[in-house]
Amino acid sequence: MTGTPVWVQLTYLLAAVCFILALKGLSSPRHARTGNLIGAFGAVIACVVVFFYADLDHVVPILLAIAVGTAVGLVGARRVQMTQMPQLVALFNGVGGGAAALVALLELGDLVGESPEGFALAATAFTILVGSVSFSGSLVTFAKLQELMTSRPVVFVGLPIVFGASIVAAVLLAVLTVTDPAVWIGIVLAVVGLLLGVLLVLPVGGADVPIVISLLNAFTGLTVAAGGYVLDNTLLLVAGTLVGASGTFLTKLMAAAMGRSVANILFGALKGGSTLGAGEASDRPVRSAGPEDVAILLGYAHRVIVVPGYGLAVAQAQHTLRELVDVLGDRGISVDYAIHPVAGRMPGHMNVLLAEAQVPYEQLKEMDDINSEFKQTDVVLVVGANDVVNPAAKTTPGAPIYGMPILDADEAQQIVFLKRSMRPGFAGIENELLFDPKTTLLFGDAKDTLGKLLSSVKAL
Amino acid sequence: MSEPVVWLTIFILSVFVGIEVISKVSSTLHTPLMSGANAIHGIILLGAILVTGSAQTTLQLVIGLVAVVLASVNMVGGFVVTDRMLQMFTRRKPVEKPTDKPEVRA
């Protein structure tokens with residue numbers, strides 16, 4: 001930081017404080033939006049200041065590149081459907097990691113000419129490696145969530161061996177970068193990092209992908225921190241570390257919400273045993289009914305709980321659902337939404353989607369608050385959800401979701417599933433609850449079916 | 001200023017701050033928080049600008065510019081998408097699609 005004027009360092013400090021306030025704001029519903037804006041403000045002043053003090057060449061191309069990136073980011077962020085938001089975050093995270101890796105590669109080129117200290121070289125190697133992991137890993141999570149590839153765990157014979165060999169190669173190359181720095185070693189290290197990222201994410205099942213995104217997010221934070229050390233820039237160090245630490249902690253929180261450990265999520269599939277019920281649709285008899293029957297069930301209930309899932313979001317049916325709930329409310333029926341922590345594709349995703357449909361915040365009940373109420377509930381309406389009410393999480397050790405806390409929908413008097421088909425949920429296992437005598441199935445597209453339900457209830 | 005120990009001190013303290021500030025987050029906000037943190041590491045843009053500004057060869061310049069583009073996508077996109085998510089928690093939009101919104105309340 002020796003060549004940096006004091007006023008610039010103070011600006012960096014201000015930006016760092018902004019980032020801390022941003023994270024703090026983002027953890028409380030009331031200040032979240034302000035927090036985000038404060039963070040954006042900090043980032044902008046830091047990036048503007050650099051043009052005024054640093055002796056930069058190529059200013060015009062740099063500004064053009066920023067304009068291009070800004071345009072792409074803006075369009076992506078504005079256009080994305082709220083249902084596809086998790087994969088967009090993954091993509092943004094990946095490109096951030098990629099940028100960090102490229103910066104470190106360039107810096108390595110500069111360092112080779114000088115006589116650098118070992119610590120800086122180690123930090124450079126770390127940034128190249130982990131940045132590449134984050135980049136390719138995020139692209140794979142994107143492909144999984146966007147369903148460009150199967151969302152089921154991908155495991156091939158010898159994967160643990162290839163994975164182990166890649167880690168050994170990465171460590172050796174990193175050591176070599178420190179002892180005998182050369183740009184080509186950095187490039188090979190980046191390639192190994194890309195491979196590692198792919199291998200790390202392939203065996204992760206679809207339902208666990210959001211947790212991996214969070215983990216890769218923390219990785220990118222740490223690479224940025226290491227990059228800060230290499231570039232002699234305190235702001236990068238502080239900001240990167242903040243994200244690395246809070247991201248790691250958030251990953252743990254998310255995994256805990258699913259009753260899993262991070263290690264189990266990453267490497268569970270490698271140990272085998274999570275291939276249970278490998279997606280076979282069974283021909284066992286189920287009870288299905290028409291919208292009119294279900295309308296009667298709902299219309300004459302006293303207490304109804306709605307369990308929304310990703311299927312609701314895919315069908316864009318959240319608005320119709322809210323209308324149905326409003327009509328039931330007008331009939332004097334007490335209706336709440338039970339939100340599983342990982343409903344949707346990311347923790348908190350379902351809250352975002354329902355808020356978009358203007359469901360009042362008070363009607364959204366978190367799992368721990370509502371689980372005791374299922375016993376006194378007449379009808380549970382499960383819309384496009386499956387795994388979060390699957391009793392296998394409690395009863396079947398060995399199931400991929402075993403140990404995940406679930407909504408106790410099975411304790412209600414009646415359960416109605418709105419489903420497109422008998423296909424298993426995201427975790428790829430069958431749901432015993434579908435075959436329960438208390439359960440009624442209503443097949444069809446969620447939006448369509450809810451529309452029919454709505455008119456049937458109104459006709460009662 | 002650039003003794004490793006000073007840097008280590010900043011690093012360790014930042015770790016504690018990072019964990020402390022988000023320790024009380026409710027699960028409702030996990031997704032926006034992750035997205036916001038994601039935007040913050042877009043600050044690598046600063047590093048990308050600095051290295052690109054001192055590029056010597058065309059190849060270095062091109063790599064640097066790619067890094068600048070990627071980092072700005074990360075930063076700008078990250079903050080904007082986070083804001084979009086959070087908007088939904090606060091503001092109520094009166095406009096609704098007429099097709100799936102027949103008048104419900106008599």
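Residues numbered from 1 in each chain as written. Chains lettered and ligands numbered in written order. Predicted model: local features only at pLDDT ≥ 70, side-chain atom pairs only at ≥ 80, totals over all residues.

Observations regarding the nonpolar core
Then, in step 1: The biggest cluster of nonpolar side chains holds 193 residues, and the ones touching the most others in it are Val307 and Val382 of chain A together with Ile43 of chain B.
Then, in step 2: Sorting elements by how many residues they give to this core places helix α4 (residues 85-113) of chain A first, with 17 residues.
Then, in step 3: Once residues within four sequence positions are removed from consideration, Val382 of chain A is found in contact with Val307, Val389, Ala409, Ile415, Val416, Phe417 and Leu418 of chain A. (Core = buried A, V, L, I, M, F, W, Y, C linked by C-beta atoms within 7 Å. Buried ≥ 20, exposed ≤ 12 C-beta atoms within 10 Å, placed from the backbone. Helix = DSSP H or I, 4+ residues; strand = E, 2+ residues; numbered from the N terminus. Contact = placed C-beta atoms within 7 Å.)

Re the sheet that holds strand β1 (residues 303-308) of chain A
All names here are of chain A.
Then, in step 1: Here 6 strands make up an open sheet; going across it, the order is β3-β2-β1-β4-β5-β6 and the pairing parallel. At either end of the open sheet lies a strand with only one pairing partner, and these are β3 (364-366) and β6 (439-443). The sheet shows a mean angle of 25° between the axes of neighbouring strands, taken without regard to direction.
Then, in step 2: With 5 bridges joining them, β1 and strand β4 (residues 379-383) adopt parallel strand pairing. Following the sheet pairing, Val306 is matched in β4 by Leu381. (Pairing = 2+ DSSP bridges. Axes fitted to C-alpha atoms, helices over the stretch in contact; angles between N-to-C directions.)

Some details on unusual backbone geometry
Residues and elements named next belong to chain A.
Then, in step 1: Of note in this structure, Asp232 is not a glycine but carries a positive phi near 65°.
Then, in step 2: Backbone geometry places Gln358, a non-glycine residue, at a positive phi of 60°.
Then, in step 3: Inspection of the secondary structure assignment puts Gln358 in the loop between α14 (349-356) and β3.

Looking at the domain arrangement of chain A
All names here are of chain A.
Then, in step 1: Per the domain assignment, the segments making up chain A are domain 1 (1-79), domain 2 (92-271) and domain 3 (291-459).
Then, in step 2: Summarising the inter-unit geometry, the C-alpha centres of domain 1 and domain 2 are found 23 Å apart.
Then, in step 3: Listed as interface residues are 8 residues of domain 1 and, on the opposing side, 7 residues of domain 2.
Then, in step 4: The greatest single-element share of the side of domain 1 that touches domain 2, amounting to 6 residues, is contributed by helix α1 (residues 6-26).
Then, in step 5: Looking at the side of domain 1 that touches domain 2, its residues break down into 8 nonpolar, no polar and no charged. (Domains from an automatic or database assignment. Nonpolar A, V, L, I, M, F, W, Y, C, P; charged D, E, K, R; others polar.)

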